[in-house]
Amino acid sequence: MTLSDTLLEWYDRNRRDLPWRAAPFNRPDPYGVWLSEVMLQQTTVQAVIPYFNAFIGRWPTVEALAQAELDEILTAWAGLGYYARARNLHACAREVAARGGRFPETETELLTLPGIGAYTAAAIAAIAFNRRATVVDGNVERVMSRLHCVADPLPKAKPRLQRLAADLTPSLRPGDYAQAVMDLGATVCTPRSPACSLCPWAAPCQARAANRAEAFPVKAAKVIKPTRYGVAFWTVDPAGLVLVRRRPDSGLLGGMIEIPSTPWIDARQWTLSQALDYAPAHADWSVLDGLVRHTFTHFHLELTVVSGVVDHNPDLGQWHPPDRLNSLALPTVMKKIARLPRTLGNEPK
Ligand code: SF4
């Protein structure tokens, strides 16, 4: 029996019950596979499930998603992070709909679609179309590095782990196999305390034999994330409406709704007078107690929040009641800013 046979046998008994594998997706459906894989990049299965169900409930087909407004998608995506993915999701849905509503079947063709990189192309080709494509996510890297005791640290080891994974990918049932390795990594070969006694690959696994499973994958020394600083403006009109505006389409949080702020810079050098150069309007600004902290992939952010009352002016942006902000495409960091004045109960009167 080959390693892939052993794993597929295990998968048939132990596969995870996930919504994109359930009705109406009992048969792998390209739309469900694509949507779930885009959502799963950088995010956990548990975090994705409610978003996946909400998207499928609201937009059951790729054509329906293509017809949605970008803003509706960004709002539904809010909280999942990495908002460029939501924008690409919309662009990709439109492209697929324009091509007749069918996803292409090969990795090469899939790579021509917006937002689809090597990983997602391989996942769709394998899982949705049962093509022999090698899908390598963090789970698969961990399993391969342990199975073969790969001593090179990540990310340098990635090409080798990819080759090792490709060598094991079978021609028969490659889609099930791709999901099986991911499931093994997620449920048995976990980062800490892997359940080697339950593992179908326990016998050939070199890391288990050496009693060193947790030593793999070897990771390069962590780069310490810098902290950036800024000042956010909680801007209220005399009727209590709050000012928000849309961020530029490109860059961090592109196209999302924001509470106005200064640029976020590397040094904690903001004085109130410096920050007020970036205020959306003139006001008697007062500094609120507390700080808003948020962590992005590459940096931590620390924001001071100031509040002030200004004349209502539609040219400054959109004005909404504070309790409506949650229904907008507000990323998590902006929700945190919006919570601070209300938590303190010191919104300007
Ligand atoms: S035997 Fe243990 S370390 Fe090796 S693949 Fe299985 S769970 Fe992972």
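Residues numbered from 1 in each chain as written. Predicted model: local features only at pLDDT ≥ 70, side-chain atom pairs only at ≥ 80, totals over all residues. Heavy atoms only, no water.

Moving on, we get to unusual backbone geometry. Residues Leu154 and Pro155 are joined by a peptide bond in cis, for which omega reads 5°. As for its position among the elements, Pro155 is in the loop between helix 9 (138-147) and helix 10 (158-168). One non-glycine residue, Tyr82, lies in positive phi territory at about 50°. Of the residues examined, Tyr82 reaches a relative accessible area of 34% and is grouped as partly exposed. Positive phi is not limited to glycine here, since Arg173 has a value of about 55°. (Helix = DSSP H or I, 4+ residues; strand = E, 2+ residues; numbered from the N terminus. Buried < 20%, exposed > 50% of the residue type's maximum accessible area, 1.4 Å probe, protein only.)

Turning to the packing of aromatic side chains, a few remarks are in order. Between two aromatic rings, the relevant description is the distance of the centres plus the angle of the planes. Tallying each qualifying case throughout the model produces nine aromatic pairs. Summarising the aromatic geometry, the rings of Phe55 and Trp59 are spaced 5.0 Å apart at their centres and angled 65° between planes, so their arrangement reads as edge-to-face. When sorted by exposure, Phe55 lands in the same class as Trp59, which is buried. Each residue in the set Tyr31, Trp34 and Phe103 is aromatic and connected to the rest through ring pairs, giving one cluster. Directly above the ring of Phe299 sits Arg228, whose terminal nitrogen or CZ lies 4.0 Å from the centroid. (Phe/Tyr/Trp six-rings, centres within 6.5 Å; stacked < 30°, edge-to-face > 60°. Lys NZ or Arg CZ within 6 Å of the ring centre and 35° of its normal.)

What follows deals with the site of the ligand. In the vicinity of the ligand, the residues found are Arg146, Val188, Cys189, Cys196, Cys199, Ala202, Cys205, Arg208 and Ala213. Class assignment of the residues belonging to the shell around the ligand gives a composition of seven nonpolar, no polar and two charged. (Near = heavy atom within 4 Å. Nonpolar A, V, L, I, M, F, W, Y, C, P; charged D, E, K, R; others polar.)

Turning next to the nonpolar core. Ranked by size, the top nonpolar core spans 101 residues in total, and within it Trp34, Met144 and Trp201 carry the most contacts. The biggest single contributor to this core is helix 8 (residues 118-129), with nine residues. The contacts of Trp201, once residues within four sequence positions are left out, are Leu3, Thr6, Leu7, Val143, Met144, Leu147, Leu168, Tyr177 and Leu184. Core analysis: the second largest hydrophobic core is formed by 10 residues, Val231, Phe233, Val306 and Val310 among them. (Core = buried A, V, L, I, M, F, W, Y, C linked by side-chain atoms within 4.5 Å. Contact = heavy atoms within 4.5 Å.)

The next subject is the pattern of salt bridges. Oppositely charged side chains are able to pair whenever their charged atoms sit close together. A full pass over the atoms with the stated rule returns 15 salt bridges. Note that Arg246 and Asp71 form a salt bridge whose closest N and O atoms lie 2.9 Å from each other. Taken together, the residues Arg246 in strand 2 (residues 242-246) and Asp71 in helix 5 (residues 70-77) connect sequence positions 175 residues apart. A salt bridge links Arg87 to Asp249, with the nearest nitrogen and oxygen atoms 3.6 Å apart. Taken as a pair, Arg87 in helix 6 (residues 84-98) and Asp249 in the loop between strand 2 and strand 3 (257-258) lie far apart in primary sequence, 162 residues in all. (Salt bridge = Lys/Arg side-chain N within 4 Å of Asp/Glu carboxyl O.)

Below, the discussion takes up the confidence of the model for the protein. In the predicted model, the protein carries a mean pLDDT of 92, and the fraction of residues at 70 or more is 97%. Here helix 14 (residues 332-344) is the element of the protein with the lowest mean pLDDT, 86, and helix 12 (residues 206-209) is the one with the highest, 98. (pLDDT = per-residue confidence, 0-100.)

Residues of helix 10 that are buried include every one of Leu161, Leu164, Ala165 and Leu168, and no others. For helix 10, the buried positions fall inside an angular range of 100° around the axis, keeping them on one side. Residues Arg163 and Asp167 are exposed on helix 10 and point more than 90 degrees away from its buried face. (Arc of directions from axis to C-beta.)

Its location among the elements puts Glu141 in helix 9. Excluding anything up to four places from it in sequence, Glu141 contacts Val136, Leu154, Lys158 and Leu161.

Another point: a nonpolar patch on the surface. There is a patch of nonpolar side chains on the surface, built from Leu272, Leu276 and Val287 and spanning about 220 Å² of accessible area. If you trace the backbone, Val287 turns up in strand 4 (residues 286-295). (Patch = residues over 30% accessible without salt bridge, like charges linked within 9 Å, V, L, I, M, F, W, Y side chains within 5 Å. Areas by Shrake-Rupley, 256 points an atom, 1.4 Å probe, with all protein chains shown as cover.)

Among the residues of helix 5, Ile73, Leu74 and Trp77 are the ones counted as buried. Mapping the buried residues of helix 5 onto a view down its axis gives an arc of 100°, with all of them on the same face. Summarising the contacts, the buried residues of helix 5 are in contact with helix 2 (30-40), helix 3 (45-58), helix 4 (62-67), helix 6 and strand 2. Looking at the residues trailing helix 5, positive phi occurs at Gly79, about 105°.

Below, the discussion takes up the packing of helix 2 against helix 6. Direction vectors running N to C along helix 2 and helix 6 enclose 160°, while the axes themselves pass 10 Å from each other. For the element pair helix 2 / helix 6, the angle class is roughly antiparallel. Crossing of helix 2 over helix 6 shows right-handed handedness. Between helix 2, through Trp34, Leu35, Val38, Met39 and Leu40, and helix 6, the contact on the second element is made entirely by Arg85, Leu89, Cys92 and Ala93. Class assignment for the residues of the contact of helix 2 with helix 6 results in eight nonpolar, no polar and one charged. (Axes fitted to C-alpha atoms, helices over the stretch in contact; angles between N-to-C directions. Parallel < 35°, antiparallel > 145°, perpendicular 65-115°, else oblique. Left-handed = near helix turned anticlockwise from the far one by under 90°.)

A few words now on the packing of helix 9 against helix 11 (residues 174-187). Relative to each other, helix 9 and helix 11 sit at 75°, their axes nearing to 8 Å. Here helix 9 lies roughly perpendicular to helix 11, going by the angle between them. Within the contact between the two elements, helix 9 uses Asn139, Val140, Arg142, Val143 and Met144 and helix 11 uses Tyr177, Val181, Met182, Leu184, Gly185 and Ala186. When its residues are assigned to classes, the contact of helix 9 with helix 11 shows eight nonpolar, two polar and one charged.

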